[in-house]
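The primary structure of each chain is shown beneath.
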Amino acid sequence: MGRKKKKQMKPWCWYCNRDFDDEKILIQHQKAKHFKCHICHKKLYTGPGLAIHCMQVHKETIDGVPNAIPGRTDIELEIYGMEGIPEKDMQERRRVLEQKTQESQKKKQNQEDSDEEEEDEAGPSFQQPAAQTPATYMPPMAQPGIPPGPRAQGMPPANYSGMPPMMPGVPPMMPGMPPVMPGMPPGMMPMGGMMPPGPGMPPMMPGMPPGMPPHVARPGMPPIAQAAPVTAPGMPARPAVPAAITQSTPTKPLFPSAVQAQQTASGPSSTTSDPPKATFPAYTQATASPAAPSSSTVAKPPATVTSKPATLTTTSATSKLMHPDEDISLEERRAQLPRYQRLIPRPGQASIAAPPSGAASGMITPQQGMPPQQPGIRPPIHSQYGAPPQGMPGYMPPYGQSAPMVPPYQGAPPGPPMGMRPPVMSPGGRY
Amino acid sequence: MSLFGTSSGFGTGGTGVFGSTTTDSHNPMKDVEVTSPPDDSISCLAFSPPTMPANFLIGGSWANDVRCWEVQDNGQTVPKAQQMHTGPVLDVCWSDDSSKVFTASCDKTAKMWDLNSNQAMQIAQHDGPIKAIHWIKAPNYSCVMTGSWDKTLKFWDTRSPNPMMSLQMPERCYCADVVYPMAVVATAERGLIVYQLENQPSEFRRIDSPLKHQHRCVAIFKDKQNKPTGFALGSIEGRVAIHYINPPNPAKDNFTFKCHRSNGTNNSTPQDIYAVNAIAFHPVHGTLATVGSDGRFSFWDKDARTKLKTSEQLDQPITACCFNHNGNIFAYASSYDWSKGHEYYNPQKKNYIFLRNAAEELKPRNKKW
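Here is what the cut-offs are and how they apply
Residues numbered from 1 in each chain as written. Chains lettered and ligands numbered in written order. Predicted model: local features only at pLDDT ≥ 70, side-chain atom pairs only at ≥ 80, totals over all residues. Heavy atoms only, no water. Helix = DSSP H or I, 4+ residues; strand = E, 2+ residues; numbered from the N terminus. Contact = heavy atoms within 4.5 Å. Areas by Shrake-Rupley, 256 points an atom, 1.4 Å probe, with all protein chains shown as cover. Expected span 1.5 Å × (residues − 1). Buried < 20%, exposed > 50% of the residue type's maximum accessible area, 1.4 Å probe, protein only. Polar contact = N/O pair within 3.5 Å; in protein donor to acceptor, adjacent residues only side chain to side chain. Pairing = 2+ DSSP bridges. Axes fitted to C-alpha atoms, helices over the stretch in contact; angles between N-to-C directions. 1 Å grid on protein atoms, 1.4 Å probe; cavity = no way out; pocket = protein on both sides within 12 Å on 5 of 7 lines; lining within 4 Å. Points joined across faces, edges and corners; volume = space filled by probe spheres on them. Nonpolar A, V, L, I, M, F, W, Y, C, P; charged D, E, K, R; others polar. Core = buried A, V, L, I, M, F, W, Y, C linked by side-chain atoms within 4.5 Å. Arc of directions from axis to C-beta. Salt bridge = Lys/Arg side-chain N within 4 Å of Asp/Glu carboxyl O. UniProt positions renumbered as here; feature names shortened; annotations may be inferred. Disulfide = S-S within 2.5 Å. Phe/Tyr/Trp six-rings, centres within 6.5 Å; stacked < 30°, edge-to-face > 60°. pLDDT = per-residue confidence, 0-100.

Novice: Please set out the overall build of chain A residue by residue, giving values where relevant.
Specialist: When its secondary structure is counted, chain A shows 16 helices and one strand. The contacts of chain A with a sequence gap of at least 6 include a subset with a gap of at least 24, amounting to 56%. Accessible surface, chain A as shown: approximately 22,300 Å² in total, 58% of it carbon and sulfur.

Novice: Pulling in residues and values, what's your account of helix α2 (residues 47–58) of chain A?
Specialist: Residues and elements named next belong to chain A. If you check α2, its first and last C-alpha atoms are 16 Å apart, about what 12 residues at 1.5 Å a residue would give, namely 16 Å. Of the residues making up α2, those classed as buried are Gly47, Pro48, Leu50, His53 and Cys54. Taking the backbone nitrogen of Gly49 as reference, a side-chain oxygen 3.0 Å away marks Thr46 as the first, capping residue of α2. Taken from the residues just after α2, Lys59 is the one with a positive phi, measuring 60 degrees.

Novice: Lay out the sheet that holds strand β4 (residues 65–71) of chain B with the relevant residues and their values.
Specialist: Residue and element names in this part refer to chain B. Strand order in this open sheet of four strands is β2-β3-β4-β5, and the pairing throughout is antiparallel. Lying at the two open borders of the sheet, with one neighbouring strand each, are β2 (42–47) and β5 (77–84). The sheet shows a mean angle of 20 degrees between the axes of neighbouring strands, taken without regard to direction. As paired elements, β2 and strand β3 (residues 55–61) share five bridges and run antiparallel to each other. The residue bridging Leu45 from the neighbouring strand is Gly59, located in β3.

Novice: Can you break down empty space enclosed by the protein residue by residue, with the values?
Specialist: Residues and elements named next belong to chain B. In the structure shown here, the tally under the stated rule is 13 cavities of 30 Å³ or more. Contributing to the lining of the second largest cavity are 11 residues, with Gln316, Tyr336, Tyr345, Asn346 and Lys349 lying nearest its centre. Residues belonging to the lining of the second largest cavity are distributed by class as follows: five nonpolar, three polar and three charged.

Novice: Lay out the nonpolar core with the relevant residues and their values.
Specialist: Ranked by size, the top nonpolar core spans 21 residues in total, and within it Trp12(A), Cys13(A), Trp14(A), Tyr15(A), Leu50(A) and Ile85(A) carry the most contacts. If sequence neighbours within four positions are ignored, Ile85(A) has contacts with Trp12(A), Trp14(A), Ile79(A) and Met90(A). With 19 residues, the next largest nonpolar core counts Ile136(B), Ala138(B), Val178(B) and Ile193(B) among its residues.

Novice: Got a sec to walk through the side chain of Gln125(B)? Specific residues and values, please.
Specialist: Here Gln125(B) shows up in strand β9 (residues 119–125). Among the polar contacts listed, one links the side chain of Gln125(B) to the backbone oxygen of Lys108(B), at a separation of 3.5 Å.

Novice: Break down the sheet that holds strand β14 (residues 173–179) of chain B for me, with residues and values.
Specialist: All names here are of chain B. Across the sheet, which stays open at both edges, the four strands sit in the order β14-β15-β16-β17 with antiparallel pairing between neighbours. Strands with a single pairing partner mark the edges of an open sheet, and in this sheet they are β14 and β17 (202–206). Within the sheet, the average angular offset between the axes of one strand and its neighbour, ignoring direction, is 25 degrees.

Novice: Requested: an account of helix α1 (residues 23–33) of chain A, with residues and values cited.
Specialist: Residues and elements named next belong to chain A. Of the residues making up α1, those classed as buried are Leu26, Ile27, His29 and Gln30. Within α1, the buried residues cover an arc of 160 degrees as seen down the axis, which keeps them to one side. Exposed side of α1, more than 90 degrees from the buried face: Lys24 and Gln28 are the residues found there.

Novice: Help me get a handle on the pattern of salt bridges, residues and values and all.
Specialist: Per the stated rule, a full pass over the model turns up 22 salt bridges over all chains. The partner of Arg172(B) in a salt bridge is Glu332(A), and the shortest N-O contact between them spans 2.7 Å. Placement of the pair is Arg172(B) in the loop between β13 (165–168) and β14 and Glu332(A) in helix α14 (residues 330–335), with the two residues belonging to separate chains. Judged by relative accessible area, Arg172(B) falls into the buried class, the value being 13%. The residue Asp157(B) makes a salt bridge to Arg159(B) at a minimum N-O spacing of 2.8 Å. The class for Asp157(B) is buried, based on a relative accessible area of 19%.

Novice: Account for the UniProt feature "domain: C2H2-type" (unreviewed entry) in chain A, naming residues and giving values.
Specialist: All names here are of chain A. According to UniProt, the feature "domain: C2H2-type" (unreviewed entry) maps to residues 13–34 and 37–58 in the numbering used here. Helix and strand shares over residues 13–34 are 50% and 0% respectively, and the end C-alpha atoms of the span are 10 Å apart. For the annotated span residues 37–58, helix accounts for 55% and strand for 0% of the residues, and the straight-line distance between the end C-alpha atoms is 10 Å.

Novice: An account of the state of the cysteines is needed here, citing residue identities and associated values.
Specialist: Taken as a whole and judged by the stated rule, the model has zero disulfides over all chains. The closest cysteine sulfur to the non-disulfide-bonded Cys16(A) is located on Cys13(A), 3.6 Å from its own sulfur. The class for Cys16(A) is buried, based on a relative accessible area of 4%. The structure places no disulfide on Cys44(B), whose sulfur is separated from the nearest cysteine sulfur, that of Cys322(B), by 9.5 Å. The exposure class of Cys44(B) is buried, given its relative accessible area of 4%.

Novice: Give a detailed account of the packing of aromatic side chains, specifying residues and quantitative values.
Specialist: The description of two aromatic rings rests on the distance between their centres and on the angle between their planes. Residue and element names in this part refer to chain B. Tallied over the full model, the rule gives 21 aromatic pairs over all chains. Centroid distance Phe221 to Tyr244: 5.1 Å. Interplanar angle 75 degrees. Geometry classified as edge-to-face. Residue Phe221 is located in strand β18 (residues 215–222), and its partner Tyr244 is located in strand β20 (residues 239–244); the two are separated by 23 residues in the primary sequence. The interplanar angle of 35 degrees and the centroid separation of 5.2 Å between the aromatic rings of Phe297 and Phe299 together place this pair among those described as tilted. The pair Phe297 / Phe299 is uniform in exposure class, with both members buried. Joined through ring pairs, the aromatic side chains of Phe297, Phe299, Phe323, Phe330, Tyr332, Tyr352 and Phe354 make up one cluster.

Novice: Outline the UniProt feature "repeat: WD" (unreviewed entry) in chain B, listing residues and values.
Specialist: As recorded in UniProt, the feature "repeat: WD" (unreviewed entry) lies at residues 82–123, 123–166 and 276–310 of chain B. This span, residues 276–310 of chain B, is 0% helix and 60% strand, and a straight line between its end C-alpha atoms measures 14 Å.

Novice: Which residues make up the pairing of β3(B), and what values do they have?
Specialist: Residue and element names in this part refer to chain B. Extensive coverage of β3 is indicated by the burial of seven of its seven residues. What you see with β3 is no split at all: Asn55, Leu57, Gly59 and Ser61 on one side and Phe56, Ile58 and Gly60 on the other are buried throughout. With six bridges connecting them, β3 and β4 associate as antiparallel partners. Note that in β4 the partner of Phe56 across the bridge is Glu70. Between the antiparallel neighbours β3 and β4 lie three residues, among them Asn64 with a positive phi of about 70 degrees.

Novice: Describe the side chain of Thr86(B), naming the residues involved and giving the relevant values.
Specialist: Along the chain, Thr86(B) falls in the loop between β5 and β6 (89–94). A polar contact of 2.9 Å, which involves the side chain of Thr86(B), links it to the side chain of Asp107(B).

Novice: Outline the environment of Leu57(B), listing residues and values.
Specialist: If you trace the backbone, Leu57(B) turns up in strand β3. Those residues within four positions of Leu57(B) in sequence are excluded, and the remaining contacts are Val34(B), Leu45(B), Ala46(B), Phe47(B), Arg67(B), Cys68(B), Trp69(B), Val71(B), Cys322(B), Ala331(B), Ile353(B) and Leu355(B).

Novice: Tell me about the environment of Leu77(A), and name the residues and values.
Specialist: Residues and elements named next belong to chain A. Structurally, the position occupied by Leu77 is in the loop between α2 and α3 (87–111). Residue Leu77 is classed as partly exposed on the basis of its relative accessible area of 25%. Through-space distance from the C-alpha of Leu77 to that of Pro48 is 7.0 Å; in sequence the pair is 29 residues apart. In contact with Leu77, not counting residues within four places along its chain, are Trp14, Tyr15, Pro48 and Pro86.

Novice: Kindly report on the environment of Asp327(A), identifying the contributing residues and their values.
Specialist: When you line up the elements, Asp327(A) lands in the loop between β1 (319–321) and α14. Sequence separation of Asp327(A) and Thr311(A) is 16 residues, and the distance between their C-alpha atoms is 5.1 Å. A distance of 2.9 Å separates the side chain of Asp327(A) from the side chain of Gln214(B), its partner in a polar contact.

Novice: Describe the confidence of the model for chain B, naming the residues involved and giving the relevant values.
Specialist: Overall, the predicted model of chain B reaches an average pLDDT of 90, with 91% of residues at or above 70. In this model, residues 1–21 of chain B is a region of pLDDT below 50 whose contacts with residues beyond four sequence positions or in other chains number 37 contacts.

Right, here's the structure in full:
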C-alpha cells in the first residue's frame with residue numbers, strides 16, 4: 001500500500017479490547033457500553049464524565065468502568081474513541097495485532113505456491129523488456145512473474161487498477177499479486193490463487209484500458225488460463241475477484257464430490273477459525289471456557305481433555321452459570337443415579353428372554369404394518385415374559401458388539417405407567 | 001432466584017389440581033395442557049410428519065416410557081398408546097411415512113414402534129446410552145441413525161441386528177439433527193461434526209465450535225430452496241450459534257446470540273445464565289424457537305437477527321420442544337432438567353407438555369439489515 005498510517009490498526013476499544021471498523025462506531029459502542037449510567041441510562045462521553053454525573057445527579061460513586069475487562073476499568077482515564085489511550089497499551093496492542101496478522105499471513109502464504117520466493121528470482125528478469133514473448137507466460141506461471149513482453153502493456157493495467165504508487169516502473173511490482181502481497185490485505189492471496197482464471201477474466205476486462213484487452217487477452221488468455229497465481233490482469237480484477245468467487249460458490253452443491261469436498265473443506269475451515277475469534281473478542285466477561293485454554297483461541301475440542309470429569313467455571317464476577325460443575329451433560333449426570341439405572345440390564349445379568357415383539361417377518365415391511373392374523377404373533381411387550389425364543393432367529397444373534405444379550409426387559413414392567421395406557425389401542429395388539 | 005422455593009414436598013400452590021388455571025406459574029402462558037403427561041421429566045418431543053393427516057405427538061421421558069397423543073384440531077389431546085424401555089428414553093423420531101416411531105434409551109437400545117400394531121421391537125444396540133436417534137430417508141437407502149455416549153454413530157437397517165455402518169466420533173454424542181443430505185452431530189468437549197448422507201453417510205467436516213461451552217442441542221435450518229444450509233447450536237451457557245456450512249462470508253454470516261439469561265441490564269447482581277435445552281425451527285417460516293433451563297421459550301428470526309418473543313417464566317425448566325409439520329402448533333415440555341443438580345429434584349412435581357398456536361408468533365420480521 002505504501003501509505004504511512006499513524007495508527008495503522010483498526011479502531012479498538014481500550015476498555016474491552018474489541019475491534020471496530022470505524023471510529024464512529026467505536027465511540028457509539030463506548031457510550032453505550034462503558035459510559036452509560038446504570039441508574040438513568042444516560043450516555044456520557046467519557047469515564048470521568050460518567051463518574052461526575054453519577055456523583056452529582058444520583059449522589060452515587062462508581063468505582064470502575066462498566067463492562068470493562070479487568071485491568072482496564074480505570075474510571076479516571078479520559079479516553080474517547082482512540083484518543084487518550086496510554087501509549088504503553090497502544091504498543092502492546094500493536095504487537096499483539098502484528099503477531100496475529102503475521103501468523104495468518106504466514107498460513108496463507110504457505111498455502112500459496114511459494115510465489116513470494118520465486119517472484120524474487122524472477123524480479124531481475126523483468127528488467128529485460130520485450131525480449132520475451134507473451135508465450136513466456138507459461139514458465140512464469142510456475143514463477144508467478146509476468147514476462148516482460150506483455151510487461152510493457154502490463155504496466156498500464158497496473159495503473160488502471162488504481163495502484164499508482166506501484167506503477168513507476170518497478171518491475172517486481174508489476175507481476176501483480178506477489179509483490180502486492182505484503183501491502184494487500186491477506187485475504188487477497190487465497191482469492192487470487194483460487195480464482196478460476198476463466199470466469200475471472202471477463203470481470204477483469206472492463207477494468208483494463210481499452211487498448212489492453214487485445215494485448216493481454218489474446219496472448220494472455222491461454223497461458224493465464226493455466227496459471228493459478230494471478231498475473232497483472234489479475235490486479236484490476238481484485239475488486240472483481242470477490243465477485244467471481246461469490247458467483248461460483250452458490251452454484252456449488254452443499255456437499256461437493258469427495259475431491260472437491262477436500263478442497264472446499266480446507267478453504268472454508270481455515271477461515272472459520274477466525275470469525276469466532278473476531279465475533280467474541282470481549283468474551284472475557286462471561287464465564288471462562290471449561291477445559292479450553294485462554295479465551296483468545298478457539299480450542300480444538302478433544303485436545304485439552306485432561307481428567308475425566310473436567311469442571312466448568314460456573315461462577316464469575318458478572319454471571320453465574322446454572323449448571324452443575326462437572327463438564328458432563330445434564331443427562332449423563334442424571335443417568336448415573338441409581339434410580340435411573342434400576343432396570344437397565346447389567347452385563348452378566350443378561351438372560352435370553354424373548355424380545356416380546358412381533359415375529360421377525362412381520363416387521364420387515366414397515367408399510368404393511370403387522371397383519372393381526374399372524375399366527376406367530378407374540379404378546380406385546382408389557383404383558384408376558386419368559387416366552388421362550390421360538391422362531392425368532394432373526395433377533396437372537398447378538399446385536400452389534402456387546403457380547404451379553406441385552407433383552408429389553410428383565411423384570412416386571414413398572415406398574416404405575418401401565419395404568420395410563422388408554423383403551424383406544426389394545427395392548428394385546430389384537431384387533 | 002430459586003425456581004422451586006423450598007422443596008417441601010408436594011409442590012407449592014395448587015399444582016396438584018389437574019388443569020387448574022390458578023395463578024401458579026406452571027402455565028403462565030395459558031397454553032393448552034396435554035393430558036396424561038409422563039411421570040418424570042420429558043426428554044424429547046416429536047410431531048408426526050406431513051404424511052399423517054392428523055397431528056400425533058410422541059413424548060419420551062425419564063420414566064422409561066414413550067407416549068403417543070393425538071392432538072385434535074380443537075386443541076384436545078387424546079392419549080393413544082405407550083411403550084416402555086428399561087431405561088429413560090432420551091430421544092424419539094418418526095419414520096417419514098408416519099407408520100413407525102423410533103425410540104432411543106439409556107438402556108443402550110433403540111426400538112422401532114409400529115403404531116398400527118402397537119408393537120415395538122429392538123433395532124439397535126450400543127455400548128452406552130443412545131442419546132440421539134433420527135430417521136434418514138435417502139433416494140437409495142433408508143436407515144435409522146443413532147448417536148450414543150459410547151462415541152459411535154451407527155446406522156441401522158431395521159431388519160438386521162448389525163449396523164449397516166458405524167462411524168467413530170471423537171467424543172460422546174450429545175445431540176444431533178438430520179435433514180437429508182446433511183447431518184450434524186455435536187459431541188462432548190465441544191466437538192462438532194457434519195456428515196453428508198448422499199450415497200452413504202460419511203463424515204464431511206469437523207468444525208471448530210463457534211461456542212465456548214458444552215454443546216447441548218442442535219437443529220439444522222434450510223435455505224429458501226428448502227435445502228439444508230446450516231445449523232443452530234445451543235450450549236449450556238445461554239447462547240446459540242447460527243452457523244452456515246458454506247457461507248459467502250463466514251465472518252459476517254455466522255453469528256451467535258445470547259439467550260435464556262436473567263438480569264438483562266443490571267450490572268450489580270451477577271447474571272444467571274441458563275442452558276439452552278432445545279432448538280426447533282419452524283417448518284414454514286424458518287424462524288426458530290429456543291427453550292431453556294430458565295423456564296422460558298423464545299422465538300427468534302435468524303435472518304433479521306431479532307428476537308420475536310420471549311415467554312413468561314414457567315416454574316420449571318423447559319426441557320423439550322417441537323413444531324408440528326405445518327408449523328401451527330408449538331409443543332414444549334416443562335419438567336426438571338437437572339440444571340441445579342440432584343437437590344432440586346422433586347419427584348412429586350408434575351411434568352407438563354403445553355401446546356401453543358404458533359402460526360402467527362413465528363412470522364419473520366422484515367429484514368432490517
